[in-house]
Amino acid sequence: MTGIGEVALWIALLVSAWGMAMAFVGGRVDRGDLVLAGERSILAVFGLLVVSSGAIIAAFLGNEYRYNYVAGYSNRELSVFYKVTGLWAGQTGSLVFWALLLALFSSLVVLQNRQRNREFMPYVAGTLLGVLLFFLVVIVAASNPFKLLDFTPLDGRGLNPQLQNYWMTIHPPTLYLGFTAFTIPFAFAVSALLSGRLDTRWITTTRRWTLLAWFFLTNGIIFGMMWAYVELGWGGWWFWDPVENASVLPWLTGTAFLHSVMIQEKRGMLKMWNVLLILGTFLLSIFATFLTRSGLIESVHSFAQNLTIAWIFLGFLSFLILLSAGLVWWRRDRLQSDNQLESFVSREAAFIGNNLLFIGAMFAILWGTMFPLISEGITGQKISVGPPFFDRVNVPIGLLLLALLGIGPVIAWRKATARNLRRNLAVPVGVSLTVGAILWVTGVRHVYALLTFALGAFVLATIVTEFWKGTRARARIEGENAALALVHMVQRNRRRYGGYIVHVGLVVGFMGFAGKAFYVERQAAIRPGESIEVRSPFGHGYRLTYQDMSAYPATNMTKLIASVRVERDGVRVGTLTAEKRSYRQREEVASEVGIRRAWNEDLYLILAGIDNPNGVLDGTNRQPLATFRVLVNPLVPWIWAGGFIMAVGTLIALWSTSEPGRRGPPAQARQPAASRPRRPELVEA
Amino acid sequence: MQKQRKFVAGGVLLAGVVGYLMVTGMRDSMVYYYTPAELVAKSIADPSVHELGVKVGGRVVPGTVRFDPQTLNLRFDVVDIATGRTRFPVRYQGPLPDTFEEGRDVVVEGRLTSAGLFEATTVLTKCGSRYEAVEEDLQA
């Protein structure tokens with residue numbers, strides 16, 4: 001039964017090759033029937049990949065350990081839950097999953113554009129099928145999930161314990177949705193380049209796809225941070241691990257793109273830049289997949305090295321780079337700006353600054369991530385580049401971005417006057433200085449943290465002012481009460497106000513990052529009855545008393561659980577447990593941390609070591625000495641809150657009216673900025 | 001045109017800032033990875049290596065592990081995996097790393113003092129290939 005899955009993969013490969021040819025030829029010779037055949041191929045490939053993915057899941061559920069893949073990631077004891085997620089637990093399955101999601105999005109594009117964008121669709125369909133074809137070739141040539149072992153083991157190897165966490169169902173799919181969705185704007189950009197239709201239409205028509213991709217990628221990254229925080233047991237949420245870095249690279253270029261397209265829409269500038277950004281974002285998504293799948297760089301995510309996959313991916317990446325560069329060079333005349341930058345003190349300049357910073361951060365992270373590989377390849381010397389490098393470069397860049405985040409939305413297009421700046425920035429600058437001064441007086445001396453809070457306050461003040469001014473003006477003009485005016489204002493311009501809300505989330509998240517500057521750590525080996533005391537930066541005194549250690553032997557692992565009573569400022573607030581699990585079969589030890597969350601700080605308890613654990617198991621060691629690491633992580637909850645606010649903001653922006661008909665006439669009908677009325681925020685639909 | 005040149009200069013300035021951060025950042029955070037034999041050879045040739053933070057991959061020599069669970073002082077010797085000859089003592093302060101055992105391959109990060117003692121800030125145990133390698137595993 002599951003054999004059908006492999007057949008489906010092969011058919012999907014043939015159909016995508018055939019469909020790609022049909023779509024490109026149909027577009028070239030203007031034959032609608034051929035184009036339609038291409039578009040239908042996408043739907044067919046999607047159906048075939050559903051069959052194939054279903055077969056993989058069925059093989060997991062049916063304990064078919066003759067499949068190498070199933071044997072490697074499952075065993076009889078594994079819960080049904082993780083058998084289903086087995087589809088993306090390992091390399092070969094996750095590539096099928098990648099292709100499945102891409103086929104899903106591609107099908108949606110086909111269905112969405114049966115009437116619209118017909119001039120783009122031939123090459124869009126061709127490009128999407130090309131990418132699908134690539135993944136299918138990788139799968140059947142180098143990473144077949146249906147590969148059989150030459151014997152059938154009685155049981156599988158089981159799933160890595162660190163993956164047995166509910167985030168397993170959430171984090172990888174969200175990230176993949178982000179990576180794959182960026183293929184849609186990429187395909188439209190390629191189509192625009194091939195057909196020469198390089199006005200803003202390819203951008204406006206894919207705006208929601210770009211935002212959707214960004215939404216998934218952002219959340220995927222944040223979910224990964226949450227997972228790392230509870231599972232890896234190091235007390236942190238970000239480690240500058242190569243695979244983490246790889247997921248941030250397309251996020252940075254994608255974020256730059258979301259901003260720079262506004263300049264093209266408003267001022268007809270940066271056309272070539274925007275094309276390059278979206279091509280780059282897609283390339284980096286593929287690169288991220290390559291880095292993870294090839295296992296070339298050691299990482300917490302590392303999959304086994306697979307050089308065949310590495311070479312195929314490298315070939316594909318080189319092809320894409322050459323293709324992109326060639327297309328852009330060929331169309332360079334049509335990618336000229338309509339306007340020129342007029343002043344440093346303008347919104348355009350702020351956006352360009354923002355873009356350069358995003359790209360700078362991207363190159364720095366790319367460099368730091370690839371450096372060990374490059375160095376080893378060239379000089380044979382292994383060198384690792386640790387977190388200090390990434391912090392050193394990215395913290396200042398982040399602070400500069402934060403400053404621009406406050407300035408950008410309130411500064412005028414073209415050329416801001418001194419009056420414009422004074423009127424819009426006086427209050428926020430005052431708020432910012434006040435916050436900085438208060439923190440200084442209360443004893444905060446950490447420069448980066450001070451700057452983060454002061455600049456964050458600046459950004460929040462500009463955003464509140466924007467909301468306030470817009471609401472007040474609307475309330476006056478429409479005669480509505482303030483609440484109604486606020487709702488209507490946001491509804492009328494969801495993209496803009498949704499964007500502001502994303503900014504608020506980012507600021508809150510940044511403040512959460514800055515909390516790291518104040519974390520407190522204590523480590524001690526104690527016996528039951530003894531305590532560890534820590535004082536948090538918010539002035540709370542925590543007293544953790546080690547109560548007892550209990551052992552839970554099971555067939556596949558042994559758990560040792562320490563329970564610890566927590567008192568805060570002398571008041572008992574609960575009990576935390578921290579565990580150590582030893583997995584026999586895999587010779588692995590995993591820690592489960594105990595976290596007490598409050599709105600402002602997390603108390604984070606790690607059971608770092610147990611003296612004579614075997615004695616605990618057989619009952620001879622009744623007062624086991626245990627080593628605990630206790631951390632107070634200030635403001636960590638703000639990171640998650642910031643992520644949530646960003647998600648809400650993105651959803652509001654996503655809801656925006658992007659159909660050309662509903663948004664009012666596109667670019668050519670827009671008024672030049674100079675003749676616009678004085679309060680542009682009220683008329684920009 | 002004059003104006004455009006000004007903007008190019010602005011862009012170059014920004015790129016310069018990022019470049020500066022990268023160069024200084026690299027200088028301060030590069031960590032060399034050596035085998036015990038390489039490290040000892042390097043430190044004889046160039047004593048400044050003693051000041052440098054390095055990572056060393058070696059094997060824990062059986063019979064040399066001493067750990068005090070009360071003070072969390074850990075001492076053991078590592079030996080070069082390939083040659084089996086060059087060895088030096090390692091000192092580490094902290095809980096015993098998970099799956100730490102005699103005879104296991106470890107990566108220690110820290111610096112080799114001129115007295116020949118390696119002061120480690122982290123000790124990582126290598127747990128082979130955590131993923132995949134299924135076939136050898138199952139057929140073995």
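Residues numbered from 1 in each chain as written. Chains lettered and ligands numbered in written order. Predicted model: local features only at pLDDT ≥ 70, side-chain atom pairs only at ≥ 80, totals over all residues. Heavy atoms only, no water.

### A word on the domain arrangement of chain B
By convention, interface size is frequently given as the accessible area that disappears when the constituent parts associate. Each assigned domain of chain B is listed here: domain 1 (1–30) and domain 2 (31–125). Between the C-alpha centres of domain 1 of chain B and domain 2 of chain B the distance comes to 40 Å. (Domains from an automatic or database assignment.)

### Side note on the pairing of strand 6 (residues 571–583) of chain A
Residue and element names in this part refer to chain A. Where strand 5 (residues 557–568) meets strand 6, twelve bridges bridge the pair, whose relative direction is antiparallel. The partner of Thr558 across the bridge, within strand 6, is Ser582. Counted along the chain from strand 5 to the antiparallel partner strand 6, the turn is two residues long, and its residue Asp569 has a positive phi close to 50 degrees. The pairing of strand 6 with strand 7 (residues 588–592) spans five bridges and is antiparallel. The residue of strand 7 that forms the bridge with Ser582 is Val589. (Pairing = 2+ DSSP bridges. Helix = DSSP H or I, 4+ residues; strand = E, 2+ residues; numbered from the N terminus.)

### What about a nonpolar patch on the surface?
Residue and element names in this part refer to chain A. On the surface, a cluster of nonpolar side chains totalling about 290 Å² of accessible area is made up of Leu43, Leu104, Leu108 and Leu111. Looking at the element boundaries, Leu104 is found in helix 5 (residues 91–112). Note on Leu104: relative accessible area 30%, which makes it partly exposed. (Patch = residues over 30% accessible without salt bridge, like charges linked within 9 Å, V, L, I, M, F, W, Y side chains within 5 Å. Areas by Shrake-Rupley, 256 points an atom, 1.4 Å probe, with all protein chains shown as cover. Salt bridge = Lys/Arg side-chain N within 4 Å of Asp/Glu carboxyl O. Buried < 20%, exposed > 50% of the residue type's maximum accessible area, 1.4 Å probe, protein only.)

### Quick word on the interface of chain B and chain A
Opposite the 39 residues of chain B that make contact, chain A presents 60 residues. Both faces considered, chain B and chain A share a buried interface measuring about 4300 Å² in area, 60% of it formed by carbon and sulfur atoms. The tally of links between chain B and chain A comes to zero salt bridges. At the junction of chain B and chain A, the tally comes to five residue pairs in polar contact (both at pLDDT 80 or more). Listed by contribution, the elements that provide at least two residues to the side of chain B that touches chain A are helix 1 (2–29), strand 1 (30–34) and helix 3 (134–139) of chain B. The element contributing the most residues to the side of chain B that touches chain A is helix 1 of chain B, with 15 residues. Looking at the side of chain B that touches chain A residue by residue, the class counts come to 18 nonpolar, eleven polar and ten charged. (Contact = heavy atoms within 4.5 Å. Buried area = accessible area lost by both parts, 1.4 Å probe. Polar contact = N/O pair within 3.5 Å; in protein donor to acceptor, adjacent residues only side chain to side chain. Nonpolar A, V, L, I, M, F, W, Y, C, P; charged D, E, K, R; others polar.)

### Examining the confidence of the model for chain A
Taken residue by residue, chain A gives an average pLDDT of 89. The fraction at 70 or more is 94%. Confidence drops under pLDDT 50 across residues 658–685 of chain A; counting only partners more than four residues distant or on other chains, this segment forms 30 contacts. (pLDDT = per-residue confidence, 0-100.)

### Considerations on the side chain of Glu567 of chain A
Residue and element names in this part refer to chain A. Its place among the elements puts Glu567 in strand 5. The exposure class assigned to Glu567 is buried, which follows from its relative accessible area of 16%. If sequence neighbours within four positions are ignored, Glu567 has contacts with Gly541, Tyr542, Arg543, Thr545, Arg572 and Val573.

### Some words on the sheet that holds strand 4 (residues 541–553) of chain A
All names here are of chain A. Pairing within the open sheet is antiparallel, and its five strands lie in the order 3-4-5-6-7. Either end of the sheet is taken by a strand with one partner, and the two such strands are strand 3 (531–535) and strand 7. Adjacent strand axes in the sheet meet at a mean angle of 25 degrees when their direction is disregarded. (Axes fitted to C-alpha atoms, helices over the stretch in contact; angles between N-to-C directions.)

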